[in-house]
Protein chains: 2
Amino acid sequence: MTYAPVADVLAGKYGVDDTVTIKGWVRTRRDSKAGLSFINVHDGSCFDPIQVVAMNSLANYEDITKLTTSCSVSVVGTVKASQGQGQALEIEAQSVEVLGWVENPDTYPMAAKRHSIEYLREHAHLRPRTNIIGAVTRIRNCLSQAVHRFFHEQGYFWISTPILTASDTEGAGEMFRVSTLDMMNIPRDDKGLVDYKEDFFGKETFLTVSGQLNVETYCAAMSKVYTFGPTFRAENSNTSRHLAEFWMIEPEVAFADLATVAQLAEDLLKYVFKAVLEERPDDMAFFAQRVNKEAITRLESVVNSEFVRMDYTDAIDILQKSGKKFEFPVEWGVDLSSEHERYLAEEHVGAPIIMQNYPKDIKAFYMRINDDNKTVAAMDVLAPGIGEIIGGSQREERLDVFDRRLAEMDLSQEDYAWYRDLRRYGTVPHAGFGLGFERLVAYVTGMQNVRDVIPFPRTPGNAQY
Amino acid sequence: MTYAPVADVLAGKYGVDDTVTIKGWVRTRRDSKAGLSFINVHDGSCFDPIQVVAMNSLANYEDITKLTTSCSVSVVGTVKASQGQGQALEIEAQSVEVLGWVENPDTYPMAAKRHSIEYLREHAHLRPRTNIIGAVTRIRNCLSQAVHRFFHEQGYFWISTPILTASDTEGAGEMFRVSTLDMMNIPRDDKGLVDYKEDFFGKETFLTVSGQLNVETYCAAMSKVYTFGPTFRAENSNTSRHLAEFWMIEPEVAFADLATVAQLAEDLLKYVFKAVLEERPDDMAFFAQRVNKEAITRLESVVNSEFVRMDYTDAIDILQKSGKKFEFPVEWGVDLSSEHERYLAEEHVGAPIIMQNYPKDIKAFYMRINDDNKTVAAMDVLAPGIGEIIGGSQREERLDVFDRRLAEMDLSQEDYAWYRDLRRYGTVPHAGFGLGFERLVAYVTGMQNVRDVIPFPRTPGNAQY
């Protein structure tokens, strides 16, 4: 038996006086003295519920007047122009079948009232039923679809880099160990150390912190590639911007320099923001009204702006001459902190900035050394209202320079053997960046905490469900 | 500086006599006595390399005659109709710049000759440079894009279910433990057991084996959802069909019964097969020629077939009456083995089968009990040439029946508290299935081993790179 998504009915895909079936959950019910009930029914397909008008002539009208929030119903009815405010169309019910009641509505955790965002987080299995998390879910889906579409249209291949890795080469953060060893009886080798030869993979194994190094191997054959998968940090960070498990998008482009991927980053952000503005005006209107009044205007402003390219060295100069008092002092060589980034993007420029060419000493071993031998071809995209949203770089493709850098940083060539092979065999200039997906969703929706834009957030002490 | 993908040049997107720049890697080089070199250059954008004709009048012609497989080059040249066989267009070089040489071509692991598939697996960082793994990579990308597109077009939302889980409710297979405890100094509680309160999440935590239970929470609010993410099994299975880390697609549909998701499975497979046939004829021609001569015809046959619905009980009858001698005996109540499934799909029916209504004792606790109280509304999709490719079921949405089943199976209500909540609050009939992405890619390409259709396969003893 087919039924119509609420989104289709509200969008006028059925004519007035057509008979339709809809299925969903009660958001609210209001009885009129005139002997009829107004039931708002949502099914997740769009922000708005549809109003169902049920007359007391229906055989099970008494049941209908007992419907509470989240009862599930199947409604057959006629599409009508709505008399009420706030919607153009409604459904005049021919029948309302109750599919599932709510056990004890008085204690139902998601009753139709305002709940704090922290309360919702503690009921992560029920919170998608709320307006706000439903809207986040549709935006998150819209963004992920747009990301895949953007890369596909431009000839990129999606590469699933490994989640489990025994590679010693990452170093982007604290890692989780993955093991099947018996924790009550850890095998030891003859030196008394843990004998990982006995473990599932025969080596100490971790969850990946980034797919970049792996995806470079595919870049060196397929030219244009990207990852979109989960990454992990075992950092004890209880902030609104950190998750132990989060999704990351990492394009990697052959025959590309920093300018190429700076443009790619700008194009990608504009593309996905435009997709959200075009495809989800309903949810964005909600976020603008209830979460951040600039939610829509700031996306529009990014879409219509030219991202400003700025050198780190010039940024230091601007900050020093700003006359502003910063918590963290500014001098050439320091990493920019959030206050600096936001001053530059929000006050000084008033548009997204692509900050480029950072001091090599504060950046990773794989970034390409510039001719000044002091800076590397690294970039961060700083967006007004959030700060850093993308970090990337051109990669060091010159074997001799790379080896010198390894030595400088006291890293062994052996540990990087397969990564060095890419520089030994047909090396090419290449560059890429990383975009944390939850930070992107938080930026778009205006949600303050990344824990509220991923279905089941993992943070220190929390891995329920 | 922009350049043209080889795919675009070969597809005739540039006119004859246009000047183009291409960038890529040498596949082969052949010198002619007439004083010119033919260089086949690939860039991953399509199966075929493009032939570059370099005359000895080029200033660096001597270098050009030293080019070997996988040297990287940037070529500026004129598009010409090709004189040679096998391609319609070629490039007459105005310049050939060598970007990267191959260090010691004699020992280069990916020299242009036939390598065994096992040898390639041991060089997973270089194997994307081969014809076969390049083709697999494009097909894999094509399939993943088609999966997202299919669901998006039908109003499904992508849900990223958690990779890390402290839930005790899975039981679909052996799990990997994820921990940050110091393995040399495991904390113990006062009973002498491992004190997981000290661990990162404050509880014993594992890698997920399936997103299904989690995604049901979103299904109960958004109606149509799907997962597409990595899942894990710590099983010591060294077979051609098992990986410790693999990607899974799991749609979950509200207001749906088994017949609905059986149709969804059929539609999905046909949609993605059609996408591959339309979008990647080049790679599919290669697989048909070199890997499995039925690679194309069997996809076409699935696309054009009607999947046959068959009850498990009828299948047992057919197998018993077949007169075939099976290794594993057939009687009502046993799980079908691969030989049974393949006999039914390949010999008896000659088309994909959707096998339905299995004995409840061989199926999971969450599957919906049929009225006979002996079978559950479960299904497997069996495809000729591979056997089971999809497994799914209608889920038990009736709280009383679910609780009886938990009791029967000696499972505690408390462990399933949040899953039970979905049945306590506005429960709806719903159903879904799981499709292992690597098995899908293996089926489409004809590759024998799932290790060769994922970039970096993880199996017992193997987690390199």
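Residues numbered from 1 in each chain as written. Chains lettered and ligands numbered in written order. Predicted model: local features only at pLDDT ≥ 70, side-chain atom pairs only at ≥ 80, totals over all residues. Heavy atoms only, no water.

Chain A is annotated in an unreviewed UniProt entry as Asparagine--tRNA ligase from Brumicola blandensis. Turning to chain A, the UniProt record has this under Sequence similarities (unreviewed entry): "Belongs to the class-II aminoacyl-tRNA synthetase family." The Catalytic activity (unreviewed entry) comment attached to chain A in UniProt states, word for word, "tRNA(Asn) + L-asparagine + ATP = L-asparaginyl-tRNA(Asn) + AMP + diphosphate + H(+)". (UniProt positions renumbered as here; feature names shortened; annotations may be inferred.)

Asker: Can you help me understand the packing of helix α4 (residues 131-153) of chain B against helix α6 (residues 258-279) of chain B in this one?
Answerer: Packed helices, taken two at a time, are described by their axes: the angle between them and the distance between them. Residue and element names in this part refer to chain B. It is at 9 Å that the axes of α4 and α6 come closest, and there the two elements cross at 135°. On the basis of the axis angle, α4 is oblique to α6. The crossing of α4 and α6 is right-handed. Only Leu264, Asp267, Leu268, Tyr271, Val272, Ala275, Val276 and Glu279 of α6 make contact with α4, whose side of the interface consists of Ile139, Cys142, Leu143, Ala146, Val147, Arg149, Phe150, Phe151 and Glu153. (Axes fitted to C-alpha atoms, helices over the stretch in contact; angles between N-to-C directions. Helix = DSSP H or I, 4+ residues; strand = E, 2+ residues; numbered from the N terminus. Parallel < 35°, antiparallel > 145°, perpendicular 65-115°, else oblique. Left-handed = near helix turned anticlockwise from the far one by under 90°. Contact = heavy atoms within 4.5 Å.)

Asker: Explain the packing of aromatic side chains to me, please; I cannot follow it from the model alone.
Answerer: Residues and elements named next belong to chain B. Scanning the model with the defined rule gives 60 aromatic pairs over all chains in all. Between phenylalanine 200 and phenylalanine 201 the ring centres are 4.8 Å apart and the planes differ by 75°, which places this aromatic pair in the edge-to-face class. Note on accessibility: phenylalanine 200 and phenylalanine 201 belong to one class, buried. Arranged with centres 5.5 Å apart and planes meeting at 70°, the rings of phenylalanine 286 and phenylalanine 287 form a pair that is edge-to-face. (Phe/Tyr/Trp six-rings, centres within 6.5 Å; stacked < 30°, edge-to-face > 60°. Buried < 20%, exposed > 50% of the residue type's maximum accessible area, 1.4 Å probe, protein only.)

Asker: Is there a simple way to think about the sheet that holds strand β14 (residues 375-383) of chain B in this case?
Answerer: Sheet strands associate in pairs through backbone hydrogen bonding, adopting either a parallel or an antiparallel arrangement. Residues and elements named next belong to chain B. Reading across from one edge, β6-β10-β11-β16-β15-β14-β13-β12 is the order of the eight strands in this open sheet, with mixed pairing throughout. Across the chains shown, the open sheet's two edge strands, defined by having one partner strand only, are β6 (157-158) and β12 (308-311). Of the pairings in the sheet, the one linking β12 to strand β13 (residues 353-359) comprises four bridges and is parallel in character. Counted as the bridge partner of aspartate 311 is glutamine 356 from β13. The strands that α6 touches are β11 (245-254), β12, β13, β14, β15 (387-395) and β16 (430-436); relative to β14, the one it contacts most, it runs at about 15°. (Pairing = 2+ DSSP bridges.)

Asker: When you look at the pattern of salt bridges in this model, what are you seeing that I'm missing?
Answerer: Working definition: two side chains of opposite charge can pair if their charged atoms are close together. This model, assessed by the stated rule, comprises 52 salt bridges over all chains. With a shortest N-O distance of 2.8 Å, Lys270(A) and Glu266(A) are connected by a salt bridge. One end of the pair, Lys270(A), and the other, Glu266(A), are both in helix α6 (residues 258-279), four residues apart, so they sit about a helical turn from each other. Each member of the pair, Lys270(A) together with Glu266(A), is buried. Across the pair Glu408(B) and Lys360(B) runs a salt bridge whose closest N-O atoms are separated by 3.6 Å. In this pair, Glu408(B) is assigned in helix α11 (residues 399-408) and Lys360(B) in the loop between β13 and β14, connecting sequence segments 48 residues apart. Among the charged side chains, a salt-bridge network with shared partners connects Arg138(A), Arg280(A), Asp282(A) and Asp283(A). (Salt bridge = Lys/Arg side-chain N within 4 Å of Asp/Glu carboxyl O.)

Asker: Help me understand the interface of chain B and chain A, please; the structure alone is not making it clear to me.
Answerer: The figure often quoted for interface size is the accessible area lost as the parts come together. Counting residues at the interface gives 108 residues for chain B, matched by 108 residues for chain A. Between chain B and chain A, a total of about 9,200 Å² is buried, with carbon and sulfur atoms accounting for 64% of that surface. At the junction of chain B and chain A, the tally comes to two salt bridges. One salt bridge in this structure joins Glu103(A) and Arg424(B), with 2.9 Å as the shortest N-O distance. No other element matches α4(B), which puts 11 residues into the side of chain B that touches chain A. (Buried area = accessible area lost by both parts, 1.4 Å probe.)

Asker: What's the story with the relation of the copies chain B and chain A in this structure? I'm lost.
Answerer: Note on the chain copies: they are related by a rotation about an axis and a translation along it. The two copies are related by a screw motion: chain B maps onto chain A through a turn of 180° and a shift of 0.0 Å along the axis, at an RMSD of 0.0 Å. Both chain copies can therefore be described as sitting about a two-fold axis. For chain B, the smallest separation between a C-alpha atom and the rotation axis is recorded for Val178(B), amounting to 2.4 Å. In this assembly the copies share their binding face: 100% of the residues contributing to the interface of chain B also contribute to that of chain A. (Least-squares fit on C-alpha atoms with pLDDT ≥ 70 in both.)

Asker: How do you make sense of the sheet that holds strand β9 (residues 205-207) of chain A when you look at a structure like this?
Answerer: Pairing in this open sheet of six strands is antiparallel, and the strands run β7(A)-β9(A)-β8(A)-β8(B)-β9(B)-β7(B) from one edge to the other. Each of the sheet's edge strands pairs with one partner strand only, and the pair in question is β7 (164-165) of chain A together with β7 (164-165) of chain B. Relative to strand β8 (residues 177-179) of chain B, strand β8 (residues 177-179) of chain A is paired through three bridges, and the arrangement is antiparallel. Its bridge partner being in β8(B), Arg177(A) is matched across the sheet by Ser179(B).

Asker: Would you mind showing me how to read α4(B) here?
Answerer: Since the α-helix packs 3.6 residues into each turn, any two residues three or four apart lie on the same face. Residues and elements named next belong to chain B. With 23 residues, α4 should cover 33 Å at 1.5 Å per step; its first-to-last C-alpha distance of 33 Å lies within 8% of that length. Buried residues dominate α4, accounting for 19 of its 23 residues. With its phi angle positive at about 80°, glycine 155 sits one or two positions after the end of α4. (Expected span 1.5 Å × (residues − 1).)

Asker: Whenever I open this one, the pairing of strand β10 (residues 224-232) of chain A confuses me. Can you help?
Answerer: All names here are of chain A. The element β10 is extensively covered by neighbouring structure, given that eight of its nine residues are classed as buried. In this sheet, β10 lies alongside strand β6 (residues 157-158) in parallel orientation, the contact comprising two bridges. Its bridge partner being in β10, tryptophan 158 is matched across the sheet by tyrosine 226. With nine bridges connecting them, β10 and strand β11 (residues 245-254) associate as antiparallel partners. Along β11, the bridge assignment pairs proline 230 with tryptophan 247.

Asker: Looking at this model, I keep getting lost on the environment of Ser305(A). Mind explaining?
Answerer: Residue and element names in this part refer to chain A. Here serine 305 is to be found in the loop between α8 (295-304) and β12 (308-311). Residue serine 305 is classed as buried on the basis of its relative accessible area, which comes to 11%. Not counting residues within four places of it along the chain, the set of residues in contact with serine 305 comprises Glu266, Lys270, Ala351 and Pro352. Within the local environment of serine 305, its side chain forms a polar contact with the backbone oxygen of valine 302, the two atoms lying 2.9 Å apart. (Polar contact = N/O pair within 3.5 Å; in protein donor to acceptor, adjacent residues only side chain to side chain.)

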